[in-house]
Amino acid sequence: MDGVTLELLWSNLRSVVTEQAKAMQRTAFSPVVREAGDLAYAVFDPQGRMIAQADTGTPGHINCLAFTGGYLTELYRDDLKPGDVLITNDPWKGAGHFFDITIYAPIFWDERLIGYVGSTNHHTDIGGLGVSVGATDVHEEGLWIPPAKLYEEGRPNKLLFDIIRRNVRTPDYISGDLAAQVASAKGGGEAIIDMCRRYGIADLEALSEEIITRSEKAMRDSIRACPGGTWVGETRFDITGGIVITLRATLTVDNQAGEVLIDFAGSSPQINKGVNVVLNYTHAYSTFAVRSCLAPDLPNNHGSLAPIKVTAPEGSIVNCSYPAPVAARHVVGMYVPMPILKALYNVVPEKVLAEGPGAVWSAQIIGSDDRGKPFVSSQFSFAGGMGARFTKPGPNATCYPTGIAATPIEILEAETPISFRRREIRRGSGGNGASRGGDGQIVEFAVRTTRPWTLNASPTGVQFPPEGLAGGDSGAPGLFTVNGEVRQHHGKTIMAPGDVILMETPGGAGFGPVATPDTTTKTVKRLRESAHDG
């Protein structure tokens, strides 16, 4: 395929998936999708290989969707017809917890299957305890939807819809969000068929092969340009209840084969709290960390992901075994890039960043208003400060590595009886250094109700703040209080009317020792040399 044709087709494909993802986002009922962008959308070839993703979405969703698409393709290879739509939220086959539901639909053109469109969106409520660390096994955490046909030849599976609606607190929200996903799958399939007609191609086979092959070659070339060797990175952080977690990543750059191998042996074992991480999710954030440092401009697809291999001991906190609880898997999973970045400092020191708080501080409110109407907040999330970069400060209150936006407080106050009293930058919380870490933020809220309500919160880094890199200072630790009293929050907690929650998220760590302007150039040179000397 010549370069001009490839560029035209590639641009059109990217436009289709991005347009449909944004349409799905605009029509979603839940603010966590509509406002925060907690979603993924992608197109797959007939083999179930991800070709292109939308411009919007999170690494944890999109890179897990790449796995789920391949799994569903194989599972239903000989059992699909036009109008079928597949669904699952299996944590071990999907994005790691029940709240992330995948919709996956075949694209049939004149009775020929030419590809698939898939999306994975976070849903506000799936029953159970909510987004809580409190479960001791996965079955306490809500409704498990095995791979199934949500629509069969265009007809909705009424029993499955009824089961889903009867197992959640806010059935209208989940119905509306699923409708947005199904509609975007249908619209995406039609747009891809239109694209094929317009450019006179019979299917996606040749285009997919060209894109994936080129992407893989470019990724391997980027790895081959790096120094080879093996390095270890380690990060420690505290989670709900003061539990300390260690993530250890041994990173090997094989610059002959053009591969990166990451092994999490030495990381903490899984625990009986809902923060365990399935391997799909660990792989998703591992590949994101490597690709963002070595080849950030490459398309994120089956080809560019293939050269990065991730392993972790079964039963570890980053490769948990059934029936481990996983509802708040982001609490640990979003720290996965941190030890990898520390190891990559020895390879590409100018492209990594210092530690940040990892997980966003999320809070889910479950309760009922004064009329008895139940509500579930959309797990609003607030970021700490991002870690400092090589020659630039870390941005304030920025979600890294997830990339989701915070739901505007005006939306949350309009849709639920939550009342925010403060939301501001936590000045001075970023760590000092040659480059300074970003500041966290201060969020204070209460709930407008005369009834008790439930809070699911997951503060991290209140004892072990983000650690400075190459001589930089650590960021400030987080602070979580209820009515002015410091709390070691233990997940699901029954709150009283009038209780006031204060969250001060950690600051990002500094990069390199504090340097005066006339020594900055020397500092940068020394950091590069010390990193490569390893």
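Details of the structure are given in the entry above.
What you see is a predicted model, and the numbers here were worked out from it, not measured in a lab. (Residues numbered from 1 in each chain as written. Predicted model: local features only at pLDDT ≥ 70, side-chain atom pairs only at ≥ 80, totals over all residues. Heavy atoms only, no water.)

1. Looking at the overall build of the chain
Counting its secondary structure elements, the chain contains twelve helices and 21 strands. Its C-alpha radius of gyration of 23 Å places the chain within 12% of the 24 Å reference for a compact globule of 534 residues. Each principal axis of the C-alpha atoms in the chain carries an extent, and together these give about 65 × 65 × 40 Å. When each of the 534 residues of the chain is scored for burial, the buried share is 59%. Considering only contacts within the chain whose residues lie at least 6 apart along the sequence, 73% involve residues at least 24 apart. For the chain, the distance from the average position of its 48 positive side-chain charges to the average position of its 57 negative side-chain charges is 3 Å. (Helix = DSSP H or I, 4+ residues; strand = E, 2+ residues; numbered from the N terminus. Rg over C-alpha atoms; globule rule 2.2 N^0.38 Å. Buried < 20%, exposed > 50% of the residue type's maximum accessible area, 1.4 Å probe, protein only. Contact = heavy atoms within 4.5 Å. Lys, Arg positive; Asp, Glu negative; His and termini not counted. Charge placed at Lys NZ, Arg CZ, Asp CG, Glu CD.)

2. Quick notes on the sheet that holds strand β19 (residues 485-486)
With respect to topology, five strands assemble into an open sheet ordered β15-β16-β21-β18-β19, the strand pairing being antiparallel. In this open sheet, the two strands that pair with only one neighbour each are β15 (418-426) and β19. Bridge analysis of β15 against strand β16 (residues 440-447) gives eight bridges, and the strand direction is antiparallel. Its bridge partner being in β16, serine 419 is matched across the sheet by alanine 446. (Pairing = 2+ DSSP bridges.)

3. Brief notes about the side chain of serine 321
Its place among the elements puts serine 321 in the loop between β11 (308-311) and α9 (330-333). Within polar-contact distance, the side chain of serine 321 engages the backbone nitrogen of glycine 315 at 3.5 Å. Leaving out residues up to four positions away in the same chain, serine 321 has contacts with Trp92, Gln270, Glu314 and Gly315. (Polar contact = N/O pair within 3.5 Å; in protein donor to acceptor, adjacent residues only side chain to side chain.)

4. Side note on the environment of isoleucine 103
Relative to the elements of secondary structure, isoleucine 103 occurs in strand β4 (residues 100-109). Using a relative accessible area of 0% as the deciding quantity, one classes isoleucine 103 as buried. Along the primary structure isoleucine 103 and proline 147 are separated by 44 residues, whereas in three dimensions their C-alpha atoms are 9.9 Å apart. Contacts of isoleucine 103, omitting those with residues within four sequence positions, involve Val85, Leu86, Ile87, Val117, Gly118, Ser119, Leu150, Leu178, Gln181 and Val182.

5. Examining the sheet that holds strand β2 (residues 50-53)
Taken in spatial order, the seven strands line up as β2-β1-β5-β4-β3-β6-β7 in an open sheet, and their pairing is antiparallel. What marks the edges here is a single partner per strand, and that holds for β2 and β7 (155-156). Pairing analysis gives ten bridges linking β4 to strand β5 (residues 112-122), with the strands arranged antiparallel. Following the sheet pairing, threonine 102 is matched in β5 by threonine 120. Packing of helix α1 (residues 3-27) onto the sheet brings it into contact with β1 (39-44), β2 and β5, and relative to β1 it is tilted by some 145 degrees. (Axes fitted to C-alpha atoms, helices over the stretch in contact; angles between N-to-C directions.)

6. A word on the nonpolar core
Residues Ile87, Ile192, Leu251, Ile262 and Ile340 are the most contacted members of the largest nonpolar core, which totals 118 residues. In terms of residue count, the dominant contributor to this core is helix α5 (residues 171-199) (nine residues). Not counting residues up to four positions away in its chain, the partners in contact with isoleucine 340 are Ala249, Leu251, Ile262, Phe264, Ser286, Ala289 and Val290. Counting residues in hydrophobic clusters, the runner-up holds 21 residues, among them Ile418, Phe420, Trp453 and Ile501. (Core = buried A, V, L, I, M, F, W, Y, C linked by side-chain atoms within 4.5 Å.)

7. Topic: helix α3 (residues 59-75)
If you check α3, its first and last C-alpha atoms are 24 Å apart, about what 17 residues at 1.5 Å a residue would give, namely 24 Å. Across the 17 residues of α3, twelve count as buried, placing the element largely inside the fold. (Expected span 1.5 Å × (residues − 1).)

8. Re the packing of aromatic side chains
Following the criterion strictly, the structure yields 15 aromatic pairs and no others. Ring plane angle 80 degrees and centroid distance 5.8 Å describe the contact between tyrosine 151 and phenylalanine 161, whose orientation is recorded as edge-to-face. Of this pair, tyrosine 151 sits in strand β6 (residues 148-152) while phenylalanine 161 sits in helix α4 (residues 158-166), and the two are ten residues apart along the sequence. Taking relative accessible area as the criterion, tyrosine 151 reaches 22% and is therefore assigned partly exposed. Measuring from centroid to centroid gives 5.2 Å for tyrosine 281 and tyrosine 285, while their planes differ by 70 degrees, and the two rings are edge-to-face. Note that tyrosine 281 and tyrosine 285 are positioned in helix α7 (residues 279-294) at a spacing of four residues, about one turn of the helix. Per residue, the accessibility class of tyrosine 281 equals that of tyrosine 285, and both read buried. Among the aromatic residues, ring-to-ring pairing joins Trp92, Phe98, Trp144 and Tyr322 into one connected group. (Phe/Tyr/Trp six-rings, centres within 6.5 Å; stacked < 30°, edge-to-face > 60°.)

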